[in-house]
Amino acid sequence: MKLLVFGSYESPRLGVVTSQGVLDVAAAAAELGLSGIGTESTDGVVLDPRTFFSFGLRALPALREFVARAVDNGSLASCFLDETGLEILPCVPSPGKILCVGLNYLRHAQESNLPTPETPVLFSKFSNTVAAPDEDVPLSRHGVEYDYEAELVAVIGKRAKSVTESQALEHVLGYCNGNDLSARDLQGLSSQWLLGKTLDKFMPLGPYLVTADEAGDPQDMSVRSWLNGELRQDSNTSDMIFSVAHVISYVSRFMTLEPGDIISTGTPEGVILGMSEKTWMRPGDEIVIEVGDLGRLRNRMVVGE
């Protein structure tokens, strides 16, 4: 399934992309007299997107069955919405842990003039970094060297602790586009990358969460980005040093991954940092991210505080 979240940050709504439009899950449930189902029990359809991601894979069977019913029910036509008229929110509106992998593409490590890591390089972002598709991203006056990073994001759907690499992908709910925006000058102020990675709106996500069964092989997805219409990154997840499964297994040795956690799995070559002549992003620039068949994630840079 292809899921999205729309509405307002205060009252997000769960949608499912179908041939008839985007199904407003809560509206359809209300039409069928099911408005209370799923907020506290896995037996019903989960209506609230935040609750849905906390349930993860447990919530999928009931949702699939419900969407099939709605598509076949001619009386629910008003519950299928035109996507172009929706205010799209981050496809994971309230992620738990936001984990990222640095230097996880061979050619990106090479363009950065850094040695190939022997183990995954992990860092974190916080909830303030989450941004929606088409949401403006403020560039703080405290930084200058603003860079983009197109990334495949894995969304955890089942608790994972000390899982093997062969088991790891069984714990993935789905995948989405991510842009691990970075302020390189702030990132380099210390050995910790925190300041350069955690500015407000510096982790746009979406527009879709595509479930793992439909997203395709996470080690065979194209990864592309365009800055102001110019193709900058054009690679494939097959260039990862550590596969998605390896990263999940590795992380789960040290911490328990929960449904709703996300892992941004690294960026390929083509970032500004790796260029011989660097022209950093500035207000007015537009960056578009496209990974596999996960849709297009577009954001514009604006003046920040």
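Please read these numbers as outputs of a predicted model, since none were measured by experiment.

I keep staring at helix 9 (residues 244–254) and nothing clicks. Help me out?
Counting buried residues in helix 9 gives eight out of eleven residues, a clear majority hidden from the surface. Along helix 9, the residues that are buried comprise Val-244, Ala-245, Val-247, Ile-248, Ser-249, Tyr-250, Val-251 and Ser-252. Looking at the buried side of helix 9, the elements it contacts are strand 5 (98–102), strand 6 (121–125), strand 10 (150–156), helix 5 (165–168), strand 11 (172–179) and strand 17 (262–264).

Any chance you could explain the packing of aromatic side chains here in plain terms?
For any pair of aromatic rings, geometry is given as the distance between the ring centres together with the angle between the planes. Counting across every chain of the model gives four aromatic pairs. Relative to Phe-53, the ring of Phe-52 lies with its centre 5.4 Å away and its plane at 85 degrees, an arrangement referred to as edge-to-face. Here Tyr-146 and Phe-202 contribute two aromatic rings whose centre-to-centre distance is 6.0 Å and whose plane-to-plane angle is 75 degrees, an arrangement assigned as edge-to-face. With Tyr-146 in strand 9 (residues 146–147) and Phe-202 in the loop between helix 7 (194–197) and strand 13 (203–204), the pair connects residues that are 56 residues apart, well separated along the chain. Here Arg-58 stacks its cationic end above the ring of Phe-55, 4.8 Å away from the centre of that ring.

Quick question: what am I supposed to make of the layout of surface pockets here?
Regions of empty space are outlined by a rolling probe, equal in size to a water molecule, passed over the atoms. The computed volume of the largest pocket comes to approximately 270 Å³. In this structure, the largest pocket is lined by 14 residues; those nearest its centre are Leu-86, Glu-87, Ile-88, Pro-133 and Asp-134. Across the lining of the largest pocket, the residue classes tally to eight nonpolar, no polar and six charged. Each pocket or cavity is described by its volume, and for the second largest pocket that value is around 170 Å³. If you trace the second largest pocket, you find it lined by Val-121, Leu-122, Phe-123, Ser-124, Ser-191, Gln-192, Trp-193 and Leu-194.

What exactly am I supposed to notice about helix 3 (residues 60–72) here?
Along an α-helix, residues three or four apart share an orientation, since each turn contains 3.6 residues. The end-to-end C-alpha distance of helix 3, which contains 13 residues, comes to 19 Å, matching closely the 18 Å that a straight helix rising 1.5 Å per residue would cover. Turning to helix 3, its buried residues are Leu-60, Ala-62, Leu-63, Phe-66, Val-67 and Ala-70. Down the axis of helix 3, the sector holding all buried residues measures 155 degrees, keeping them to one side. In helix 3, those exposed residues whose orientation departs by more than 90 degrees from the buried face are Pro-61, Glu-65 and Asp-72.

Which parts of the structure should I look at to understand the state of the cysteines?
Note on terminology: disulfide describes a covalent bond linking the sulfur atoms of two cysteines. Scanning the entire structure with this criterion turns up zero disulfides. Left unpaired, Cys-176 is separated from the closest cysteine sulfur, that of Cys-91, by 3.6 Å. Here Cys-176 falls in the buried class, since its relative accessible area comes to 0%.

Could you clarify how one ought to interpret the pairing of strand 19 (residues 297–303) in this entry?
When a strand is regular, its side chains alternate between the sheet's two faces. Two elements, strand 8 (residues 137–139) and strand 19, share three bridges in a ladder whose sense is parallel. Counterpart to Pro-138 in the pairing with strand 19 is Val-302. Pairing analysis gives four bridges linking strand 18 (residues 286–291) to strand 19, with the strands arranged antiparallel. Bridged to Ile-289 within strand 19 is Leu-297. Linking two consecutive strands that pair antiparallel, namely strand 18 and strand 19, is a turn of five residues; a positive phi of about 50 degrees is found at Gly-292 within it.

Would you explain the sheet that holds strand 3 (residues 21–24) in this entry?
The strands that make up a sheet are held in pairs by hydrogen bonds between backbone atoms, and each pair lies either parallel or antiparallel. Here we have ten strands laid out as an open sheet, ordered 4-3-2-1-14-11-10-17-5-6, and mixed in their pairing. Edge positions in the open sheet fall to strand 4 (80–81) and strand 6, since each of these has one partner strand only. Summarising the sheet, strand 11 and strand 14 (residues 209–211) pair through two bridges and their orientation is antiparallel. Residue pairing in the sheet places Gly-174 in a bridge with Thr-211 of strand 14. Strands strand 1 (2–7), strand 2 (12–18), strand 3, strand 4, strand 11 and strand 14 of the sheet are contacted by helix 3, whose axis makes an angle of about 65 degrees with strand 2.

Would you mind showing me how to read the side chain of Ser-225 here?
With respect to the secondary-structure elements, Ser-225 resides in strand 15 (residues 222–227). Classification of Ser-225 as buried rests on a relative accessible area of 0%. Within the local environment of Ser-225, its side chain forms a polar contact with the side chain of Gln-233, the two groups lying 2.9 Å apart. Here Ser-225 is in contact with Tyr-148, Ala-150, Glu-230, Leu-231, Arg-232, Gln-233, Ile-287, Val-288 and Ile-289, once residues within four sequence places are set aside.

The rules behind these values
- Residues numbered from 1 in each chain as written.
- Predicted model: local features only at pLDDT ≥ 70, side-chain atom pairs only at ≥ 80, totals over all residues.
- Heavy atoms only, no water.
- Buried < 20%, exposed > 50% of the residue type's maximum accessible area, 1.4 Å probe, protein only.
- Helix = DSSP H or I, 4+ residues; strand = E, 2+ residues; numbered from the N terminus.
- Contact = heavy atoms within 4.5 Å.
- Phe/Tyr/Trp six-rings, centres within 6.5 Å; stacked < 30°, edge-to-face > 60°.
- Lys NZ or Arg CZ within 6 Å of the ring centre and 35° of its normal.
- 1 Å grid on protein atoms, 1.4 Å probe; cavity = no way out; pocket = protein on both sides within 12 Å on 5 of 7 lines; lining within 4 Å.
- Points joined across faces, edges and corners; volume = space filled by probe spheres on them.
- Nonpolar A, V, L, I, M, F, W, Y, C, P; charged D, E, K, R; others polar.
- Expected span 1.5 Å × (residues − 1).
- Arc of directions from axis to C-beta.
- Disulfide = S-S within 2.5 Å.
- Pairing = 2+ DSSP bridges.
- Axes fitted to C-alpha atoms, helices over the stretch in contact; angles between N-to-C directions.
- Polar contact = N/O pair within 3.5 Å; in protein donor to acceptor, adjacent residues only side chain to side chain.

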